[in-house]
Amino acid sequence: MVDFHRQKVIAGNWKMHKTIQESVDYIKDLTPLVKNASCQVLLAVPFTCLKSVADQAKNTNLIIGTQNINDHDHGAYTGEISARMVKDAGAEFTILGHSERRTLFHETNAFINAKVKKALGLGLKAIVCVGENLQAHKAGKTEEILKKDLEESLDELTTDQMKNVIIAYEPIWAVGTNQPATPQIAQQTIAFCRQIAAKKWGQEIAKSLVLQYGGSVSPENAKEFLDQEDIDGLLVGGASLSAESFSKIVNCQTV
Ligand code: PGA
């Protein structure tokens, strides 16, 4: 199982895009483009193509996961998918607490926390997203909100469990808007998240924790973010939908 210990981790989030055929074709296109990547390359794909994508990605350096799970193993939860099911279909990680889940589907920190525990308990890694909305950003409440979201969505996790967690800072005002945060704001905010982690789990965990930036990342701006001291990776939405643009982001530090 892959170890994320303070490596660069570039994750693509396809959201609700791609049929099975489209996703398999994408993996065929992407594989040769990123085979020499110096970072970890992750793709969070829709449930319907998970098995096909995971099969296609076998024996490559691509790590496949999902964009959500439910907090139960099984039961009467119509329309939901469990960690057991996605693991069985080939997922190694899941995104949790994405801002679209929080805002459009009203997910709370408590629910996200239950899902994080479930994912980790079943051996999936978790990318846990936090980020403030525009109103909070303008009101200077970013740190207050991030502290609360981090403390609550990662509540009761042990230091050992934290080794399998990536935190993605995704300011809501930057997601899908073509208006990324500046690398300086992203660095400053991510350094703050690392401080919160240090207070909660100690310096050693905080130092090795992978912290990503997400929100309108593109081949043009990716390197500037990755060059920041505390930014260990990127969570990429729109620009991950084409194998070509995603590969440019993955390879931006080596070319
Ligand atoms: P975006 O999405 O790159 O399209 O802004 C990022 C995300 O939602 O993870």
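Above this text you will find the structure in question.
Notes on the structure follow. (Residues numbered from 1 in each chain as written. Predicted model: local features only at pLDDT ≥ 70, side-chain atom pairs only at ≥ 80, totals over all residues. Heavy atoms only, no water.)

### Here we look at the side chain of S245
Right, so step 1: In this fold, S245 is placed in helix α12 (residues 243-250).
Right, so step 2: In this structure S245 touches P219 and A239, once residues within four positions along its chain are discounted. (Helix = DSSP H or I, 4+ residues; strand = E, 2+ residues; numbered from the N terminus. Contact = heavy atoms within 4.5 Å.)

### As for the sheet that holds strand β7 (residues 210-214)
Right, so step 1: One closed barrel holds the eight strands; their spatial order is β1-β2-β3-β4-β5-β6-β7-β8, and the pairing between them is parallel. Strand-to-strand twist of the sheet, defined as the mean angle between neighbouring strand axes without regard to direction, takes the value 25°.
Right, so step 2: In terms of strand pairing, strand β3 (residues 62-66) meets strand β4 (residues 93-96) through two bridges, oriented parallel. Across the sheet, residue T66 finds its bridge partner in β4, namely T94.
Right, so step 3: Here helix α1 (residues 20-34) sits on the sheet and contacts β2 (40-44) and β3; the angle it forms with β3, its principal contact strand, is near 140°. (Pairing = 2+ DSSP bridges. Axes fitted to C-alpha atoms, helices over the stretch in contact; angles between N-to-C directions.)

### As for the pairing of strand β1 (residues 9-13)
Put simply, side chains in a regular strand alternate between the two faces of the sheet.
Right, so step 1: Buried residues dominate β1, accounting for five of its five residues.
Right, so step 2: Burial along β1 is two-sided: V9, A11 and N13 facing one way and I10 and G12 facing the other are all buried.
Right, so step 3: Note that β1 and β2 share five bridges and pair parallel. Residue pairing for β2: A11 is matched across the bridge by L42.
Right, so step 4: Tracing the backbone out of β1, into α1 and back to the parallel element β2 gives a crossover that is right-handed.
Right, so step 5: Where β1 and strand β8 (residues 233-236) come together, four bridges link them in parallel fashion. Following the sheet pairing, I10 is matched in β8 by L234. (Buried < 20%, exposed > 50% of the residue type's maximum accessible area, 1.4 Å probe, protein only. Right-handed = clockwise from strand over helix to strand, strands pointing away.)

It is worth stressing that arrangement in space is one thing and function is another; only the former is reported here.
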